[in-house]
Amino acid sequence: MADVPKPEELIRKIDTTPPKTRWEDIPADFSEGKFCYPTKIKNLEYLDLPRPEREWSPADEEWPLPDNWQEIIYEGFKERLEKYRSLKVFMDICVRCGACADKCHFFIGTGDPKNMPVLRAELLRSVYRKDFTTAGKILGKIAGARKLTPAVIKEWFSYFYQCTECRRCSVFCPYGIDTAEITMMGRELLSLLGLNINWILEPAANCFRTGNHLGIQPHAFKDMIEFFCDDIEEITGIRINPSFNRKGAEVLFITPSGDVFADPGTYTMMGYLLLFEHIGLDYTLSTYASEGGNFGLFTSADMVKRLNSKMYLEAKRLGVKWILGGECGHMWRVINQYMDTLNGPADFLEVPVSPITGTRFENAASTKMVHIMEFTADLIKHNKLKLDPSRNDKHIVTFHDSCNPSRGMGLLEEPRYVIKNVCNNFYEMPENTIREQTFCCGSGAGLNTEEIMELRMRGGLPRANAVKYVHEKFGVNMLACICAIDRAALPPLMDYWVPGVGVTGVHELVGNALVMDGEKERTCDLRFEPLNDETPEENEGEADE
Ligand code: SF4
Ligand code: SF4
């Protein structure tokens, strides 16, 4: 891993001076730290995906492209233009107004013009013009067309893996062009040549092998959950005994495996377990569908479909009524935006109804899957939870809207509603950095990998900057989020740009605040840290209501 410069040095290195050379003539930079490592061939073989003839590195001069690589791309592009009307529209209608140009966190953090969404899309669009438009075929360069060469493939690999598919740019485009979808198509085309990154496809392969991204075996998954139950018993005096693979349970609960195997997600998992015990939910966990995340979204529509079907096959096998899903980002984009088209509605399950409040989740009538934030907000709204928000008083909280739940499913109010009911100190970041306009963590869509740490710190700069603002103004010391990738990506980002700010899942805060029947006096939170060892300092503003 290349060294990451100190924050002040990195800021100085952001150069927005327009290059003197035309963009087409600037080759992609594959020096150390500037690229994600390619997928190991064993993972491609496992997933039955096209593979290059040898292990390779993007730093290699010669990439192992198949002999007919141009034909493969042409046919793949043609097929996708016919299949996805959105792609055809996005290729044709950009007027190059530039409204999206400065909205991408990677452009803000790098100053690289090819990280402007309009130019990122142009990497693909220029080839589209050459091969699929009359003007491009006849006029070539004058019509903005360019020939597909190995250098173009290298450029695609570099810049489609410098996009977190966050869709912030699309919010500002007057035509609604979704550059994330263009990136997805670019990655699909690269995948046809066997060019993918390992940080995406190794977890995908693991998912098929053992059920989750980390490749953890079913018994280890069960052991981890039971270990959390031991901790919960030590903290609260309450013993929880969740069931695994239990046929006939009402609800199947699925969460990203990051909540089971990586801090601080593990504390979020403890929060879920406490919540379900508190309300007496009839649920089960699955050691086979032990992953809510779907890295297919960062690879291809086919892979999305294959991975998504796994959760539903398990729901069918266990005979549950519906699925409750944990705090995840991209899993919900798949469920809300793509599942109906790719897998079809899950008609063999029931429209979810909360057994506690009777609320029928019509928004999940087709997918049969409810987001835990909707579920918990509904419980609070119906006064079904006994809460002591003062147990979170040492936290001065702000909320990071994860890109997928906010822009992909409009989940804006529920997390705020829950946080304000379980915490007394909550402050919003500036309005152009939250809700639909939220800034990405800088590491989504499969880019949460160590080898590009500098790029991640650059891409996360706008988010961190907004946190810094509320940290300095209101003393914010805790960043809450509802995405497992965020829970992994934001701690190093905070340590780098805003030391002193921790990261938490919302259900960790819920778990702290829940007053369980028969519990012993709590002296520590779910992290075994003392409750309220600090009193919030006086600050400039009132907490947000
Ligand atoms: S805002 Fe939309 S139309 Fe304007 S340059 Fe960007 S993608 Fe093209
Ligand atoms: S989707 Fe996000 S990362 Fe990709 S170009 Fe748009 S703003 Fe940048």
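Residues numbered from 1 in each chain as written. Chains lettered and ligands numbered in written order. Predicted model: local features only at pLDDT ≥ 70, side-chain atom pairs only at ≥ 80, totals over all residues. Heavy atoms only, no water.

> I'm lost on the overall build of the protein chain in this one. Help?
Broken down by element type, the protein chain carries 23 helices and 7 strands. With respect to the principal axes defined by its C-alpha atoms, the protein chain has extents near 75 × 55 × 40 Å. For the protein chain, the share of sequence-separated contacts (at least 6 apart) that also reach a separation of at least 24 residues comes to 76%. By element, 49% of the accessible surface of the protein chain is carried by carbon and sulfur atoms, the whole surface being about 21,500 Å². One way to put it: in the protein chain the 62 positive side-chain charges average out to a point 6 Å from where the 80 negative ones average out. (Helix = DSSP H or I, 4+ residues; strand = E, 2+ residues; numbered from the N terminus. Contact = heavy atoms within 4.5 Å. Areas by Shrake-Rupley, 256 points an atom, 1.4 Å probe, with all protein chains shown as cover. Lys, Arg positive; Asp, Glu negative; His and termini not counted. Charge placed at Lys NZ, Arg CZ, Asp CG, Glu CD.)

> Explain a nonpolar patch on the surface here, please?
On the surface, I138, L139 and I142 cluster together into a nonpolar patch covering about 370 Å² of accessible area. The residue I138 is located in helix α7 (residues 134-139) in this model. Its relative accessible area of 66% is what places I138 among the exposed residues. (Patch = residues over 30% accessible without salt bridge, like charges linked within 9 Å, V, L, I, M, F, W, Y side chains within 5 Å. Salt bridge = Lys/Arg side-chain N within 4 Å of Asp/Glu carboxyl O. Buried < 20%, exposed > 50% of the residue type's maximum accessible area, 1.4 Å probe, protein only.)

> Can you help me understand the sheet that holds strand β4 (residues 369-371) in this one?
Pairing between sheet strands relies on hydrogen bonds along the backbone, with the strands arranged either parallel or antiparallel. On the basis of which strands lie adjacent, the open sheet formed by 4 strands has the order β2-β1-β3-β4 and parallel pairing. Looking at strand neighbours, the two that pair on one side only are β2 (283-285) and β4, the edges of this open sheet. In this sheet, adjacent strand axes meet at a mean angle of 30° when their direction is disregarded. Note: strand β1 (residues 251-254) against β2, 3 bridges, orientation parallel. Of the residues in β2, the one forming a bridge with V251 is Y283. Each of β1, β2, β3 (322-325) and β4 is contacted by helix α15 (residues 301-318), which is oriented at about 150° to β1, the strand it contacts most. (Pairing = 2+ DSSP bridges. Axes fitted to C-alpha atoms, helices over the stretch in contact; angles between N-to-C directions.)

> Sorry, what's going on with helix α4 (residues 85-93) here?
An α-helix turns once every 3.6 residues. As a result, residues three or four positions apart point the same way. Those residues of α4 that sit buried are L87, F90 and M91. Taken down its axis, α4 places every buried residue within 100° of arc, on the same side. The inward-facing, buried residues of α4 abut α3 (69-83), α6 (117-132) and α10 (179-192). (Arc of directions from axis to C-beta.)

> Just to check I follow, could you spell out the site of ligand 2 for this structure?
Residues in contact with ligand 2, as listed here, are C104, H105, P117, R120, C163, T164, E165, C166, R167, C169, T179 and A180. Tallied by class, residues from the shell around ligand 2 come to 6 nonpolar, 3 polar and 3 charged. (Near = heavy atom within 4 Å. Nonpolar A, V, L, I, M, F, W, Y, C, P; charged D, E, K, R; others polar.)

> So what exactly am I meant to see when it comes to the pattern of salt bridges here?
Opposite charge on two side chains allows them to pair when their charged atoms are near. In this structure the tally under the stated criterion is 37 salt bridges. Residue E188 is joined to R80 by a salt bridge in which the shortest nitrogen-to-oxygen separation is 2.6 Å. Residue E188 is found in helix α10, and its partner R80 is found in helix α3; the two are separated by 108 residues along the sequence. The class for E188 is buried, based on a relative accessible area of 7%. Of the residues examined, R80 reaches a relative accessible area of 8% and is grouped as buried. For the salt bridge of E233 with R239, the shortest nitrogen-to-oxygen distance reads 2.9 Å. In this structure E233 comes out as partly exposed when scored by relative accessible area, which is 32%. One network of salt bridges, with partners in common, ties together R96, E122, R125 and R129.

> Even after reading the chapter, I still don't get the nonpolar core, so can you show me in this structure?
Across soluble globular proteins, you tend to see nonpolar side chains buried next to one another. Counting 64 residues, the largest nonpolar core has F77, L124, I153, W156, F157 and L195 as its most contacted members. In this structure L124 touches F77, M91, W156, F160, I182, M185, G186 and L189, once residues within four positions along its chain are discounted. Core analysis: the second largest hydrophobic core is formed by 56 residues, V260, F261, Y272 and I380 among them. (Core = buried A, V, L, I, M, F, W, Y, C linked by side-chain atoms within 4.5 Å.)

> Got a minute to help me understand the side chain of D259 in this structure?
Assignment of secondary structure puts D259 in helix α13 (residues 258-261). There is a polar contact of 2.8 Å between the side chain of D259 and the side chain of T255. A distance of 2.9 Å separates the side chain of D259 from the side chain of R487, its partner in a polar contact. Apart from the residues lying within four places of it in its own chain, the contact partners of D259 are F228, G265, T266, T268, M269, Y272, E327, A484 and R487. (Polar contact = N/O pair within 3.5 Å; in protein donor to acceptor, adjacent residues only side chain to side chain.)

> Help me out: how do you make sense of the pairing of β1 in this one?
Consecutive residues of a regular strand have side chains that alternate between opposite faces of the sheet. Because side chains alternate across β1, one face comprises the buried residues V251 and F253, and the other comprises L252 and I254, equally buried. Here β1 pairs with β3 via 4 bridges, running parallel. Paired with L252 across the two strands is I323, which belongs to β3.

> What's the story with the site of ligand 1 in this structure? I'm lost.
Near ligand 1 you find C94, V95, R96, C97, G98, A99, C100, V118, C173, P174, Y175 and I177, and these make up its full shell. Its residues placed into classes, the shell around ligand 1 shows 10 nonpolar, 1 polar and 1 charged.

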